[in-house]
Structures are given as C-alpha cells and as structure tokens.
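One-letter residues, chain by chain:
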Amino acid sequence: MAEESTANATWSRMLAGNRRFAEGKPTHPWQDRETRESLIDRQNPDAAVLSCSDSRVPPEIVFDAGLGDLFTVRTAGQMIDDSVVASLEYAVAKLHVSLIVIMGHEGCGAIDLATRELDDLISSATEDPASSLEAADAMDDLDERILEADSIILRTVGLSIWQAREAEVESHEDIERVHIAHTIEDLVTRSEIIQDALAHDQLMIVGARYQLSTGKVEVLSF
Ligand SMILES: [Zn+2]
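Residues numbered from 1 in each chain as written. Predicted model: local features only at pLDDT ≥ 70, side-chain atom pairs only at ≥ 80, totals over all residues.

## Observations concerning the overall build of the protein
- The helix and strand tally for the protein stands at 10 helices and five strands.
- Residues counted as buried form 36% of the 222 residues belonging to the protein. (Helix = DSSP H or I, 4+ residues; strand = E, 2+ residues; numbered from the N terminus. Buried ≥ 20, exposed ≤ 12 C-beta atoms within 10 Å, placed from the backbone.)

## Examining the domain arrangement of the protein
- Along its sequence, the protein is carved into domain 1 (2-109 + 183-220) and domain 2 (110-166).
- Contacts between the two partners involve seven residues from domain 1 and, on the opposite side, nine residues from domain 2.
- Residue classes in the side of domain 1 that touches domain 2 are distributed as five nonpolar, two polar and no charged. (Domains from an automatic or database assignment. Contact = placed C-beta atoms within 7 Å. Nonpolar A, V, L, I, M, F, W, Y, C, P; charged D, E, K, R; others polar.)

## Digging into the pairing of strand 4 (residues 204-210)
- Most of strand 4 is tucked away, with seven of its seven residues classed as buried.
- With four bridges connecting them, strand 4 and strand 5 (residues 217-220) associate as antiparallel partners. Bridge pairing in strand 5 links Arg209 to Glu218.
- Between strand 4 and strand 5, which pair antiparallel one after the other, the connecting turn spans six residues, and Gly215 there sits at a positive phi close to 80°. (Pairing = 2+ DSSP bridges.)

## Section: the packing of helix 4 (residues 82-93) against helix 10 (residues 192-199)
- At a minimum axis separation of 9 Å, helix 4 and helix 10 run at an interaxial angle of 35°. Between helix 4 and helix 10 lies a crossing of left-handed hand. From helix 4, Leu88, Glu89, Val92 and Ala93 reach across to helix 10, where they touch Ile193, Ile194 and Ala197.
- By residue class, the composition of the contact of helix 4 with helix 10 is six nonpolar, no polar and one charged. (Axes fitted to C-alpha atoms, helices over the stretch in contact; angles between N-to-C directions. Left-handed = near helix turned anticlockwise from the far one by under 90°.)

## Observations regarding the UniProt feature "binding site: Zn(2+)" (unreviewed entry) in the protein
- Under the present numbering, the feature "binding site: Zn(2+)" (unreviewed entry) in UniProt falls on Cys52, Asp54, His105 and Cys108. These annotated residues cover 57 residues of sequence, and their C-alpha atoms all fall within 8.9 Å of one another, placing them together at a single site.
- Within the secondary structure, Cys52 is located in strand 1 (residues 47-52).
- Accessibility expressed as a C-beta count within 10 Å gives 23 for Cys52, which makes it buried.
- The contact partners of Cys52, leaving out residues within four places of it in the chain, are Val57, Arg74, Ala76, Gly77, Gln78, Gly104, His105, Cys108 and Ala110.
- Owing to 20 C-beta atoms within 10 Å, Asp54 belongs among the buried residues under this scheme.
- Apart from residues no more than four positions distant in its own chain, Asp54 is found in contact with His105, Cys108 and Gly109. (UniProt positions renumbered as here; feature names shortened; annotations may be inferred.)

## Structural notes on the nonpolar core
- Counting 54 residues, the largest nonpolar core has Ala48, Leu88, Ile100 and Val101 as the members making the most contacts within it.
- Sorting elements by how many residues they give to this core places helix 8 (residues 152-166) first, with six residues.
- Here this core spans two domains, and each of domain 1 (2-109 + 183-220) and domain 2 (110-166) adds at least three residues to it.
- Among all residues touching Val101, those that are not within four sequence positions of it are Ala47, Val49, Val206 and Ala208. (Core = buried A, V, L, I, M, F, W, Y, C linked by C-beta atoms within 7 Å.)

Printed below as a string of structure tokens:
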C-alpha cells in the first residue's frame, strides 16, 4: 500500500529524530528562515500528533522535527473531545496526513489526578451501603457514574483507569499504556472520517509513550 509505506516511512523518520534527541544530538531541522519563508502559503505536514500538554513533552522537540513537519494537538492527558476530533479530522481530510500518533508519557499528572477523582467517586458510591449487595450494585454501574461525572478528566482519563483496573492492570506505566489504547479506540469510534481513512488504507494510527527518564519514545502495539 502506497499510503501505508508513506506512513511507515514518516514514523521511521520521527523515531530517528527521537533517537537523535534522546542521545543529546538533535539537529533541529527545518527551523531556519528559508524554511519559514517556503511555508508561508501552504503546509504539508506528514503526521498529526495528539499528546499531553505537559511542558516536558513537546512533540517537535521530542521528535527533533521542524516547521511544517507535525500537526500537533495537545490536551492534558491527551484527552479527546469534539475539538480534538475535529482538529485531527482536519489533519486527515484537508492536510492528508497519513499518520496519527497518540502519545502519552511517563509520570502523567493527568492520570494521577484522574486516579484521585476515580477513587473519590468509588468511595462516595460505596459509602455506607445497606448491604454488600448494594455495594456490588454501586460498583456495577460505575461505568455510568464515570460517564455522567461533571469532571471531564474523570469522564475521559478516569474511564481508562477504571477499564485498566477491571483488566487487573496495576502499574502506573501499564495504566498509561491502557489509556493510550483507549484514546485511540475512542478517536476511531467518534470519527467517521478517520474510520473511512483507515478503511481505505490512507491512514495509520500508532500509540506511543514518551519516557521522561530516557528521552525515548516507546512504540506501543495493540
Ligand atoms: Zn501528561
């Protein structure tokens, strides 16, 4: 597939950039005046990246990329909402990116916050039940309670954490990985444009987890 090899080539190039960055040998490509001037009238990015807003995780730096290379969308905990979906759809439908990277990271504070909010919800749901059966019922409809929560972070990141717990995933690292997988699933479910591009082999979506401690991007396969 032509598009698939374009996406693979783009991803290989991004990972090569990440290796340069992690080794402390970034080349800071395409950041000169000539590049800026050549991009005044158009952009033709190869990939879109949805990553956390965390100040330590800027995609252009982590992938040693330049002007015009990456179309980036960033929210805390790479949460998805309608604006994020619309932005990524724009990248696919109008800019024709062949690759979307969903990137979480080590030590994500949004996951810590969502974990606390989830624990609070669980304790309020199971507080003083008249019977253990009632407590079990309260846990049974926890999915619903999470989805009806006022907190956006609980509805998105918190739901991933709950799903991870149901699958007996315990470690912070693995919960981060589950959240990335869940985010990809959520994006595809929400967007017909993205489903269509995937079905026509015009798009590849990859999951990634940036390691603050090494500077390396871990490639996730689901
Ligand atoms: Zn984060």
